[in-house]
Amino acid sequence: MSDVSVLEANVRTEFGKGAARRTRRDGNVPAVLYGHGEAPTHLSINAHAFAAILRVHGTNAILNLDIDGKKQLALTKSVVVHPIRRYIEHADLLIVRRGEKITADVSITLTGEAAASTLVTSGTTTINIEVDAMNIPDQLEVSIEGLEAGTQILASQIPLPAGATLASSPDELIVNIIEAPAAEPEAGEGAAAASAE
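A few points on the structure. Here the structure is a predicted model, which is why all the values come from computation and not from measurement. (Residues numbered from 1 in each chain as written. Predicted model: local features only at pLDDT ≥ 70, side-chain atom pairs only at ≥ 80, totals over all residues. Heavy atoms only, no water.)

Some words on the sheet that holds strand 7 (residues 101–111)
- A sheet is described by the order of its strands in space; here four strands give the open sequence 10-7-9-12, paired in mixed fashion. In this open sheet, the two strands that pair with only one neighbour each are strand 10 (139–143) and strand 12 (165–166).
- In this sheet, strand 12 lies alongside strand 9 (residues 126–132) in antiparallel orientation, the contact comprising two bridges. Directly across from E130, in strand 12, lies its bridge partner T165. (Pairing = 2+ DSSP bridges. Helix = DSSP H or I, 4+ residues; strand = E, 2+ residues; numbered from the N terminus.)

Notes on the pairing of strand 9
- In this sheet, strand 9 lies alongside strand 7 in antiparallel orientation, the contact comprising seven bridges. Paired with D105 across the bridge in strand 9 is N128.

Digging into the pattern of salt bridges
- In total, this model carries one salt bridge according to the counting rule given.
- D66 is the partner of K71 in a salt bridge, and the nearest nitrogen-oxygen pair spans 3.5 Å.
- Judged by relative accessible area, which is 18%, D66 ranks as buried. (Salt bridge = Lys/Arg side-chain N within 4 Å of Asp/Glu carboxyl O. Buried < 20%, exposed > 50% of the residue type's maximum accessible area, 1.4 Å probe, protein only.)

Quick look at helix 2 (residues 47–57)
- Three or more residues of helix 2 are buried, namely F50, I53, L54 and H57. Summarising the axial view, the buried residues of helix 2 lie within an arc of 100°, below the 170-degree limit, and thus occupy one face. With respect to the buried face of helix 2, the exposed residues turned more than 90 degrees away are H48, R55 and V56.
- Residues of helix 2 that are buried sit in contact with strand 1 (5–11), strand 2 (28–35), strand 3 (38–46), strand 4 (62–67), strand 5 (70–81) and strand 6 (88–95).
- Between the side-chain oxygen of the N-cap and the backbone nitrogen of H48 there are 3.0 Å, and the N-cap of helix 2 in question is N46.
- The first or second residue beyond helix 2 is G58, which carries a positive phi of 75°. (Arc of directions from axis to C-beta. Contact = heavy atoms within 4.5 Å. Polar contact = N/O pair within 3.5 Å; in protein donor to acceptor, adjacent residues only side chain to side chain.)

Side note on the layout of surface pockets
- Space inside the largest pocket adds up to approximately 180 Å³.
- Taken together, L33, E38, A39, T41, I67, K70, Q72, I95 and R97 make up the full set of residues lining the largest pocket.
- For the lining of the largest pocket, the element with the highest residue contribution is strand 3, accounting for three residues.
- Classifying every residue of the lining of the largest pocket gives four nonpolar, two polar and three charged. (1 Å grid on protein atoms, 1.4 Å probe; cavity = no way out; pocket = protein on both sides within 12 Å on 5 of 7 lines; lining within 4 Å. Points joined across faces, edges and corners; volume = space filled by probe spheres on them. Nonpolar A, V, L, I, M, F, W, Y, C, P; charged D, E, K, R; others polar.)

Concerning the sheet that holds strand 8 (residues 118–122)
- On the basis of which strands lie adjacent, the open sheet formed by three strands has the order 8-13-11 and antiparallel pairing. Both edges of this open sheet fall to strand 8 and strand 11 (152–154), since each of them pairs with a single strand only. When strand polarity is set aside, the average angle formed by the axes of neighbouring strands in this sheet is 10°. (Axes fitted to C-alpha atoms, helices over the stretch in contact; angles between N-to-C directions.)

Overview of the environment of L119
- Position of L119 among the secondary structure elements: in strand 8.
- Judged by its relative accessible area of 38%, L119 falls in the partly exposed class.
- As a C-alpha pair, L119 and I178 span 59 residues in sequence and 5.2 Å in three-dimensional space.

Remarks on unusual backbone geometry
- Positive phi, normally seen in glycine, also occurs at H36, with a value near 55°.
- With respect to the helices and strands, the residue H36 is situated in the loop between strand 2 and strand 3.
- We note that S117 has phi near 50°; this positive angle belongs to a residue other than glycine.
- Along the chain, the position of S117 falls in the loop between strand 7 and strand 8.

Given below as structure tokens:
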């Protein structure tokens with residue numbers, strides 16, 4: 001992920017619930033930028049532009065904030081979405097520098113099909129890695145193609161991008177492939193089939 005999205009940000013001088021509501025009513029997201037020993041900066045960022053960046057780059061989006069004309073690289077650390085109305089209520093942004101290593105949760109995507117009559121269960125859907133802030137992968141792919149029942153994939157077996165190291169426990173269970181339970185005929189199914197003949 002080398003392309004960095006530029007996002008205009010304005011410093012907020014009003015705080016509290018009422019101020020946050022006004023910020024959202026104006027089509028913006030209240031955000032806090034912190035890190036590197038700096039005092040937290042309260043920002044207002046355009047809700048549509050921010051949502052578009054998150055759709056393309058996921059929750060580990062690196063932003064090039066334009067704060068009143070001054071540029072600052074930041075990582076999207078957390079995003080709070082309203083549980084019912086689905087708008088972004090608040091965002092925490094972390095100051096990052098080029099070449100700096102950070103830890104990030106990266107989602108795991110399973111590819112391929114496991115062997116017939118198996119059931120694939122996921123222990124977790126994300127893995128925590130330490131990686132260059134400018135090269136956080138959008139996702140990590142794990143192939144389960146043809147894997148037999150009894151196969152387990154642990155965090156230590158996930159292929160990581162160059163320069164990245166595992167921050168999760170190496171023994172964390174990512175994928176477990178088990179024998180699919182035999183389907184039992186439902187009550188009355190046999191009788192219905194007999195009467196149909």
